[in-house]
Structures are given as C-alpha cells and as structure tokens.
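Structural description and commentary
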Amino acid sequence: MNFIKRSRNVLLLFLLCCLCLPAAVAAEPFKVAILPFEILAEKDYAFLQRGIVQMFTSRLSSPGKVTVLDPEATARALATAGDASGERQARQVGETLQADYTIHGSLTVLGESVSIDAAMLDLSGTRAPMTFFKQTRGMGEVIPEINRMASEINSEVFGVAARPATPAVAPAPTVGGTPAPPVSDMHRHPERLLEEARRMDPIRRPSGSRDDLDARPHPLNPAFAAAAGSQPGADAGFWKSQTYNHLINAVAVGDLDSDGLLETVVAAPDKLFIYRFAEGRQQTVAEIPAGRYVRNISVDVADINGNGMPEIFVTAFSVGLNAVASYVLEFDGQTFRTVVDKSRYYYSVVRHPTFGRILLGQLQLSDASTPFDAPIHQMVWNGQAYVPERQLLAGRLANLLGLAYGDILNDGGESFVAFDPKDRLRVITANGRVQHTSSDVYGGTPLYFAMPPRGPGDSPASFYLPTRVRTTDLDGDGRYEVLVAHNRDSAGRLLVEQRFFGKGTVEALTWDGLGLAPVWRTRQLSGRVQDFLVADFNNDGILNLLLVVIAKEGAIIFADAQSALVAFELNVTPTD
C-alpha cells in the first residue's frame, strides 16, 4: 500500500514537472538575427542598410520576450556564409548564431516609389516562412512603414502588443466637458481654427505663443516655470559656474579620452577650453588655441569615424568673419591632434531617434553665398575626410547651426525644425515642404557672418547666425520636445546692424498638430542664452540642462565679455 502511495506521489510530481517545463522554456526570449537588406536603386542608399537594421532592432526588441542579436555578430556570421543567398543564406546565418528567427529582405527604389519586402524565417521549422510588404511614395515614408512592419511582426509572430503610434494631430481639447472643434476640419479657415484652439485650450496653444503657460513649476525642475511673468519662489535646482572673462560661443559634452568620464568643451572665439566637472570640482584638461586667423563659432562632439574616440567638430570663421574655416580634433592618447583643417563646411552633430548621433554638414558655396544657401547633407568619414553621403535638405531652407533633425512631427517619420533668417522657427517635412512657421521670434544672437558689401562704398552686411535648436523627449511621453533659446532684444530686433539682448530663457515646445505649442521654460536669466545642451556634464549620474549665459557682451563682440555656465538638474535618468 505504501509502495502504491509513493508511486502515485512520484507520478504526480512527474506530471507537474512536465506541465512546468513548457512554461520555463517559453520564458526564454526569442533570439532574432536581422540581415542587411539588399538595396535595389540607381543611387547609393548604403546608409539605409544600417538604418533598416537599427530600426528593426529598436522596434522588435522587447525585454523578456524578444532579443535582437548583435549586428556585428550577424555580420561575422554572414561573412562565413560563402555564396549562399536569400533564404539559404538567412538559414545558414541563423544556425551559426543559434537564432530562433532571421529577417532578411530588400528595399527597391523606382523613381518616387519605394517598396520594402521582408521575409521572416523560423529556424525550428514550426512555421512556414512569413513575408511582409510595404510600399511608399518617397523616401520620407520609409521609416514610418518599417515601424509599422516591425509592429506587425511583433504582434503576429511574438504576440507582443504593437506600440501605440503618436497621432500627428493632438486630440481635441475640452473645456468644461465641451469638446473643441476638430482641428482636422480642412474646410475651415486655418486662422479661425487657431483662434478657437486658443480660446478652448489656454494651457497649450498651437500658435507657439509664450503667454499660454500656467503658473505651476514643471516637474522636470523646480526652477522651470510654466507661467508667463511668474518665477518659482526659490532658486532650487540649478548650478552656476565661475564667471569667465571671455565670450563663450558654444558648448559640447563627450567622453573625449574614453575613460568613462565626460568632458565639457567650451568654445571661446580664440580658444577651446576642455574641462572635467566631477565631485563638485572643475578640472582644466586642455586649452587649445584656435589659430591667429580663426574664430570659433560652434562646437560638437561625437565618434563619427568609428574608432572609439570622439572627435571635436569646430565650426569656425576666418578672422574677418567672412569665410568658413572649420576644423576637427581628436585625442590620440597624448594630445588633441588635428584631423581636418580649413574645411569650408559648417558642422553639427544631431541625435537622430533611430540612427543615434550623426554628423551633418553644410558647405559654404562661395564668398558671396549666405549661410542659408547650401543644401544640408549627412556626412561620413571616408578614411581621409568627412564627405557628404546623402542630401537631407535642399538649399535656402535653413542654416545648419540652427537646425534639429528627427521625429519633430511625432508621426514616426523624419522632419526638421530650423530658424529662418528672421529668427522664426520653421517645421520642414522630409521632402522640403515648410509645414509651419512660428509667429513669434526665438533665438537671438549678435554673432554674424560678414557678407560682401552690397555696392561700392558700402560696408560689409551682417548676416546674423541662428542659435542652437535641439530635440529630446525628457518627460518620456513619446512626444519630442523642441528646445530653443529665446533672448529678449531691448530694441525689439528693429535695428538692422545692432542687437542688445539683456534677458533670456530656454523654452520647450512640442508639435500638437497645428504648430509648436509651449510646454515649459526655464526661469528668466540675466543675460542672453548663447548655447545649451542636455547631458550629465558633471558626471554625477543626473541629466542637466546646461546653458551658456552671456552676462556682458564686451566693448567689441569678441573681447572684454563675461560668460558663465548655468545647469538645471532634470528629474530624469540618463540613457546615453
């Protein structure tokens, strides 16, 4: 009898183990290898091979459910696949990597038509190969369609719910339970729609006016005001550096020596200062003269040549401010050596939501061309120089120093926000159409490019440069904010040849379907904001909004000035 009872217990235990085993197996995430897509086009779209892999990696990865294998490991396995192609190649790569699934395919460009074909292979043989297809009109729709394709794969193959798409047009606001008129009513006059939106929604106005912010501090920082004309009761939440007795034109942050600590690059007109802020102290790492006949205008940091050591990209002008003379530096283990010198490109590093940090360039076409004339390209390193890989924006739409690139419209696609020559913000679609121009002016700086005289006996004309624009999603709601400086000119910018900025803020705007609507702004600062960025510049694990504030311009534009760095701690966690 005891034997029978023991046998029954053993049998029950065995059955329980059998029931638990599939659950344990199912808990393991699926491993997916993504092969580079074949690009079939007359032009060179090699950048799309990298981009498609990065987009699928970003969209398919799901903690605990789906793991996308390292693209470098996939490339190594691909190199051993010999002459295999198509499904046979995908199977061979997948077996080498011990993947559960592989994805391969092609992108075909015929005129304005772009088709995306993808095939998913189940290495276990349980499912037949699955195919997915999308077609677009123009390259600007490729990213949204790949996002949709990835969502379909997640849903159909892995049972992962599709990520909700952010609507291009914000839901209609309500006041007292009464819905506002739908903003998508295309038969109504746009100005009337805007005016009704202002009346219905006093907190967020699509016009971009700054008078619509309320009186509450923003949760990102107690010194961020959401109210016009009101300030927080205390100065909590910000830090100020010593006062520097020189002008600061730009600031950038990066791990220049790859030691795990971030350095801050401060660009004065005639010198680069490299600081390391850590444990409440400022350490001077290096001071690099710009050269006798060069003036630094802007600076950015990123590892574009892929050697693991970030480069310093300095947009510079000749001493007469009438020619671009940019240069690039890189730390070689002992000193900062010159990689590129006397380049006629404006440089800017932007953070793309899919591709990460990329380098943009804009060529000075001729001595008589304005800073807005040339098209804007994505730049790559060819082993000797940074060269244009693809055109992103046609000429005469923007100057690179005042442009941001990414999902500005929050629709999953690519778009731009940039200053026009009159310091108004433009939202520009990927095909170059101006979607929106702000009614308010932003930015504001006395820095200028000296244009040739208009006629005999005339002086050179001052073509004022734009200030920085950046995009980020600080509050994590899936909608990108546009960060922009707003400096108050005591003359109302009515004087053509002179500008006087006494107060400034940094403001966050977001696209709400009709325009750029305000979200928050910093407290008002005494002096103008020349540059800003979001980074953990002081290496304490907390993101900061770091500003360059010019307290005193000086007797002349590049001398006898007073500047400072001001940082606001942000209630968010660094991700990069």
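Before reading on, note that the structure itself is shown above.
Residues numbered from 1 in each chain as written. Predicted model: local features only at pLDDT ≥ 70, side-chain atom pairs only at ≥ 80, totals over all residues. Heavy atoms only, no water.

1. Concerning the overall build of the protein
Rules: Helix and strand definitions follow DSSP, with helices as H or I runs of at least four residues and strands as E runs of at least two, each counted in order from the N terminus. Buried, partly exposed and exposed residues are distinguished by accessible area as a fraction of the type maximum, computed with a 1.4 Å probe on protein chains only: under 20%, between the cut-offs, and over 50%, respectively. By the convention used here, residues are in contact when the closest approach between their heavy atoms is within 4.5 Å. Only the protein chains shown count as cover for residues, and all accessible areas are computed by the Shrake-Rupley method using a 1.4 Å probe.
Along the protein, the regular secondary structure elements total six helices and 37 strands. Evaluated residue by residue, the protein yields a buried proportion of 51% over its 576 residues. Long-range contacts, defined here as pairs at least 24 residues apart, represent 51% of the contacts in the protein between residues at least 6 apart. Element-wise, carbon and sulfur atoms account for 53% of the exposed surface of the protein, whose accessible area totals about 27,000 Å².

2. So, the nonpolar core
Nonpolar side chains tend toward joint burial in soluble globular proteins. The condition is simple: What is meant by a nonpolar core is a set of buried Ala, Val, Leu, Ile, Met, Phe, Trp, Tyr and Cys residues, joined one to another through side-chain atoms within 4.5 Å.
Judged by nonpolar contacts, the single largest core of 48 residues is most densely connected at Phe-317, Leu-360, Leu-393, Leu-403, Leu-546 and Leu-565. Setting aside chain neighbours within four positions, we find Leu-360 in contact with Tyr-346, Tyr-347, Ser-348, Val-350, Ile-376, His-377, Gln-378, Met-379, Leu-392, Leu-400 and Leu-403. By size, the runner-up hydrophobic cluster in this structure holds 33 residues, among which are Leu-48, Val-53, Leu-107 and Phe-132.

3. Structural notes on the sheet that holds strand E36 (residues 544–552)
By way of backbone hydrogen bonds, the strands of a sheet pair with one another, either parallel or antiparallel. Our working definition: Two strands pair if DSSP finds at least two bridges between them. In this description, a line fitted to the C-alpha atoms serves as the axis of each element, helices being fitted only across the stretch in contact, and the angle between N-to-C directions of two axes falls anywhere from 0 to 180 degrees.
In spatial order, the strands read E11-E37-E36-E35; together these four strands make up an open sheet with antiparallel pairing. Looking along the sheet, the strands with just one partner apiece sit at the ends: strand E11 (238–240) and strand E35 (528–535). On average, adjacent strands in this sheet sit at an angle of 20° to one another, irrespective of strand direction. For E35 and E36, the ladder comprises seven bridges, and the chain directions are antiparallel.

4. Notes on the side chain of His-486
We count it as follows: The definition of a polar contact used here is a pair of N or O atoms within 3.5 Å, where within protein one atom must be able to donate a hydrogen and the other to accept one, and adjacent residues in sequence count solely through side-chain atom pairs.
Here His-486 lies in strand E31 (residues 481–489). Among the polar contacts made by the side chain of His-486, one reaches the side chain of Arg-488 at a distance of 2.7 Å.

5. Considerations on unusual backbone geometry
Of note in this structure, Leu-321 is not a glycine but carries a positive phi near 60°. Structurally, Leu-321 is set in the loop between strand E17 (311–318) and strand E18 (326–331). By relative accessible area, which is 6% here, Leu-321 ends up buried. For Arg-396, which is not glycine, the phi dihedral falls at a positive 70°. Residue classification places Arg-396 among the exposed residues on the basis of a relative accessible area of 65%.

6. Here's the deal with the packing of helix H3 (residues 71–79) against helix H4 (residues 86–97)
Selection criterion: Roughly parallel here means an angle under 35 degrees, roughly antiparallel means over 145, roughly perpendicular means 65 to 115, and every remaining angle is called oblique. Crossing handedness: left-handed means the near helix sits turned counterclockwise from the far one by under a right angle, and right-handed means the same turn made clockwise.
Orientation of H3 relative to H4, taken along the N-to-C sense of each, is 120°, at an axis distance of 9 Å. By the angle between their axes, H3 is oblique relative to H4. In the packing of H3 onto H4, the handedness of the crossing is right-handed. On H4, the residues that touch Ala-73, Thr-74, Ala-77 and Leu-78 of H3 are Gln-89, Val-93, Thr-96 and Leu-97.

7. Structural notes on the side chain of Asn-410
Tracing the backbone shows Asn-410 in the loop between strand E24 (403–406) and strand E25 (415–419). The class of Asn-410 is buried, set by a relative accessible area of 1%. Among the polar contacts made by the side chain of Asn-410, one reaches the main-chain amide nitrogen of Tyr-480 at a distance of 2.7 Å.

8. A closer look at the sheet that holds strand E13 (residues 263–268)
Strand order in the open sheet formed by four strands is E12-E13-E14-E15, with antiparallel pairing between adjacent strands. Two strands in the sheet have a free side with no partner beyond their single neighbour: strand E12 (250–254) and strand E15 (281–289). Sheet twist, expressed as the mean angle between neighbouring strand axes with direction ignored, is 25°.

9. Some details on the pattern of salt bridges
Pairing between side chains of opposite charge can happen when their charged atoms approach one another. Quick note on the threshold: The salt bridge definition used is simple: a Lys or Arg side-chain nitrogen within 4 Å of an Asp or Glu carboxyl oxygen.
By the definition in use, this model includes 16 salt bridges. Arg-91 is the partner of Glu-87 in a salt bridge, and the nearest nitrogen-oxygen pair spans 3.9 Å. Note that Glu-87 and Arg-91 are positioned in helix H4 at a spacing of four residues, about one turn of the helix. Residue class for Arg-91 comes out partly exposed when judged on its relative accessible area of 29%. A salt bridge links Glu-145 to Arg-148, with the shortest nitrogen-to-oxygen separation between them at 2.7 Å. Remark: Arg-148 and Glu-145 occur in helix H5 (residues 142–158); sequence separation between them is three residues, near one turn of the helix. Each of the salt bridges in this network shares a partner with another, and the network as a whole consists of Asp-257, Asp-259, Glu-263 and Arg-276.

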